[in-house]
Amino acid sequence: MTRMTPLLDRNEQFITAYTPGPLGPPTAQMVIVTCLDHRVDPAITLGLQLGEAPVIRNAGGRVTQAVIDDIAFLAFLAEQLFGGQIEADRLFEVAIIHHSQCGTGFLADPGFRRQDAEATGLDEAALEASAVADPHTTVKADVERLLNSPLRSPKVSVSGHVYDIATGRLTTTVDAMYS
Ligand SMILES: [Zn+2]
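Now for a look at the structure at hand. Treat the numbers as computed from the prediction; the structure is a model and nothing was measured.

Within the protein chain, the secondary structure is distributed over 6 helices and 5 strands. Of the regular secondary structure in the protein chain, the N- to C-terminal order runs α-β-α-β-α-β-α-α-α-β-β. Taken over the C-alpha atoms alone, the protein chain extends approximately 50 × 50 × 35 Å along its principal axes. Taken over 179 residues, the protein chain has a buried fraction of 36%. Sequence-distant contacts, at least 24 apart, represent 63% of the contacts inside the protein chain between residues at least 6 apart. Accessible surface for the protein chain amounts to roughly 10700 Å². Of this, 57% is attributable to carbon and sulfur atoms. Computed over 13 positive and 22 negative side-chain charges, the inter-centroid distance for the protein chain is 2 Å.

Dropping the structure here:
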C-alpha cells in the first residue's frame, strides 16, 4: 500500500469504460495554459474531455520561454499532421488562465522571495517576475508576451481569463486576438 494505491484503483475503474481515441487535432481547437494548483484543474473546472485540448501547467500559469517553445512545437505539429483538416489560417486558440489566491502571490513579498531564493538557488528576479498577485494584471501581461513572441505562429490566437477560487467562475479578461 502506497499513496499511489487509491489512484491505481481509480485507474482500474477508469479503464472499464475506456475507448482510445485516434491521434487527431484537439477537438476544442484550444490549448490551455494555467497554474499547476490542484484547485484549478481545467479538466474539472472547464469539463475538458480526453482529446479536446492540450493543457500546459506551471507555477502561476505564466507564459515562460518554455511555454512559448511548447506552443511553437504544438503549432508546428498541428500544421504538419492536421494541416488539411483545419482551417488554413487558424490552428488553435491559446487560453491563458490565471487565478485568485495563487500561491505564487507570496513571491510578491521581498522577504519571502529572498528566503525562497536562498533555499532553492532560484534567481530572485525570476521569482519576482513569476508572482501572480493580481491575476487580471498578470494575465494581460502574459497575453501580450505570447502575442509579441516571434515564435508564435500568426495562425495561433491568444485570449486571457481569470478563474475565481471563491466562486469557481472563469471570467474573460482579454478576448481572443491574433496580434
Ligand atoms: Zn496558482
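Next up on the list: the sheet that holds strand 5 (residues 170-177). The pairing of strands in a sheet happens through backbone hydrogen bonds and is either parallel or antiparallel. Strand order across the open sheet formed by 5 strands is 2-1-3-4-5, with mixed pairing between neighbours. The open sheet is flanked by strand 2 (55-58) and strand 5, the only strands paired with a single partner. Each strand axis lies, on average, 15° off the axis of its neighbour in the sheet, ignoring direction.

Take the coordination of the zinc ion next. Ideal coordination angles are 109.5 degrees for a metal with four donors arranged tetrahedrally and 90 or 180 degrees for a metal with six donors arranged octahedrally. In this structure, C35 (SG), H99 (NE2) and C102 (SG) serve as the protein donors to the zinc ion, at separations of 2.1 to 2.2 Å. For H99, a relative accessible area of 1% translates into the label buried.

This part takes up the pairing of strand 3 (residues 92-99). With 7 of its 8 residues buried, strand 3 lies for the most part within the structure. Relative to strand 3, strand 1 (residues 30-35) runs parallel, the two sharing 5 bridges. Within the sheet, the bridge partner assigned to V31 lies in strand 3 and is V94. Where strand 3 meets strand 4 (residues 156-163), 8 bridges bridge the pair, whose relative direction is parallel.

Per the counting criterion, the structure on display carries 6 salt bridges. In this structure, the salt-bridge partner of R39 is D37, at a minimum N-O distance of 2.8 Å. Looking at R39, the relative accessible area reads 37%, which means it is partly exposed. Assessed through its relative accessible area of 9%, D37 is described here as buried. Here R57 makes a salt bridge to D41, at a shortest N to O gap of 3.8 Å. Here R57 is found in strand 2, whereas its partner D41 is found in the loop between strand 1 and helix 2 (42-45), with 16 residues between them in sequence. Residue classification places R57 among the partly exposed positions, given a relative accessible area of 29%.

For the rest of this paragraph, the subject is unusual backbone geometry. Positive phi values are uncommon outside glycine, yet Q29 reaches one of about 50°. Residue position: Q29 is located in the loop between helix 1 (5-16) and strand 1. At Q101, a residue that is not glycine, the phi angle is positive and equals roughly 55°. Assignment of secondary structure puts Q101 in the loop between strand 3 and helix 4 (110-120).

Our next topic: the packing of aromatic side chains. The final tally for this structure, using the stated rule, is 2 aromatic pairs. Between F14 and Y18, the aromatic rings sit 5.2 Å apart at their centres with planes inclined by 40°, giving tilted as the arrangement. Of the residues examined, F14 reaches a relative accessible area of 41% and is grouped as partly exposed. Relative accessible area serves as the criterion here: at 39%, Y18 is assigned to the partly exposed category.

Together, L23, F73, F76, L77 and L81 give the surface a local cluster of nonpolar side chains, amounting to about 530 Å² of exposed area. Position of L81 relative to the elements: it lies in helix 3 (residues 65-82).

Before going further, it helps to spend a moment on the environment of D116. Tracing the backbone through its elements, the reader meets D116 in helix 4. In this structure the C-alpha to C-alpha distance between D116 and L127, which are 11 residues apart in sequence, comes to 8.4 Å. Ignoring anything within four residues of it in the chain, the contact list for D116 reads L107, G121 and L127.

What counts and what doesn't
- Residues numbered from 1 in each chain as written.
- Predicted model: local features only at pLDDT ≥ 70, side-chain atom pairs only at ≥ 80, totals over all residues.
- Heavy atoms only, no water.
- Helix = DSSP H or I, 4+ residues; strand = E, 2+ residues; numbered from the N terminus.
- Buried < 20%, exposed > 50% of the residue type's maximum accessible area, 1.4 Å probe, protein only.
- Contact = heavy atoms within 4.5 Å.
- Areas by Shrake-Rupley, 256 points an atom, 1.4 Å probe, with all protein chains shown as cover.
- Lys, Arg positive; Asp, Glu negative; His and termini not counted.
- Charge placed at Lys NZ, Arg CZ, Asp CG, Glu CD.
- Pairing = 2+ DSSP bridges.
- Axes fitted to C-alpha atoms, helices over the stretch in contact; angles between N-to-C directions.
- Donors = N, O, S within 2.8 Å, 3.2 Å for Na, K, Ca; no water.
- Salt bridge = Lys/Arg side-chain N within 4 Å of Asp/Glu carboxyl O.
- Phe/Tyr/Trp six-rings, centres within 6.5 Å; stacked < 30°, edge-to-face > 60°.
- Patch = residues over 30% accessible without salt bridge, like charges linked within 9 Å, V, L, I, M, F, W, Y side chains within 5 Å.

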